[in-house]
Amino acid sequence: MILQVWLQELRSANSEAEVVAFARSQLAHIGASGGAKPLQGHTLADGHDVRDIAMQLARLRPADGDGIDPALMQQMLVLFSLATDRLAQLDGYGAAKLTPRPLSPRSGGEQRP
């Protein structure tokens, strides 16, 4: 089952960079099949981007999916949720501290959400 493969790959990831690389490769695979329309144009530079995509997917409704198969949307949500969980585990272990987001000049000095 694909979920077991994802879990195994994520468990072997021991840094933020490895989790991001996993998520990036999965997004590229999904994108190659034409199934990642709501996520087109997103880059995955760091763990914050992985979390942002998981949040965007959680907010999408099937009607908002821009013609994407609801089962594929669900798979993407599971994948990015698992990646987010792994980032939290690594952060909790002290193995991978996420770097703070840069301050946004238009937000009045607040960190980007």
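Residues numbered from 1 in each chain as written. Predicted model: local features only at pLDDT ≥ 70, side-chain atom pairs only at ≥ 80, totals over all residues. Heavy atoms only, no water.

### Considering the overall build of the protein
What the protein contains, in helices and strands, is 4 helices and 0 strands. If you list the helices and strands of the protein from N to C, you get α-α-α-α. Sorting the 113 residues of the protein into buried and exposed places 36% on the buried side. Sequence-distant contacts, at least 24 apart, represent 60% of the contacts inside the protein between residues at least 6 apart. Put simply, the protein shows about 6900 Å² of open surface, and 54% of that area lies on carbon and sulfur atoms. (Helix = DSSP H or I, 4+ residues; strand = E, 2+ residues; numbered from the N terminus. Buried < 20%, exposed > 50% of the residue type's maximum accessible area, 1.4 Å probe, protein only. Contact = heavy atoms within 4.5 Å. Areas by Shrake-Rupley, 256 points an atom, 1.4 Å probe, with all protein chains shown as cover.)

### Regarding the nonpolar core
In terms of nonpolar packing, the biggest core is built from 24 residues, with Val-19, Leu-44, Val-50, Ile-53, Leu-57 and Phe-80 touching the most fellow members. Within the residue set of this core, elements represented by two or more residues are helix 1 (2–12), helix 2 (16–32), helix 3 (47–59) and helix 4 (70–93). Ranked by residue count, the leading element in this core is helix 4, at 9 residues. When near neighbours in sequence (up to four residues on either side) are disregarded, Leu-57 contacts Leu-39, Met-76, Leu-77 and Phe-80. (Core = buried A, V, L, I, M, F, W, Y, C linked by side-chain atoms within 4.5 Å.)

### Some words on the environment of Thr-84
Take Thr-84: it is sitting in helix 4. When the C-alpha atoms of Thr-84 and Met-55 are compared, they prove to be 9.7 Å apart, with 29 residues separating the residues in sequence. Apart from residues lying up to four places away in sequence, Thr-84 is in contact with Val-50, Arg-51 and Ala-54.

### Concerning the confidence of the model for the protein
Summary statistics for the protein give a mean pLDDT of 79 and a share of 69% for residues scoring 70 or more. Counted against residues more than four places away or in other chains, residues 106–113, with its pLDDT under 50, gives 13 contacts. (pLDDT = per-residue confidence, 0-100.)

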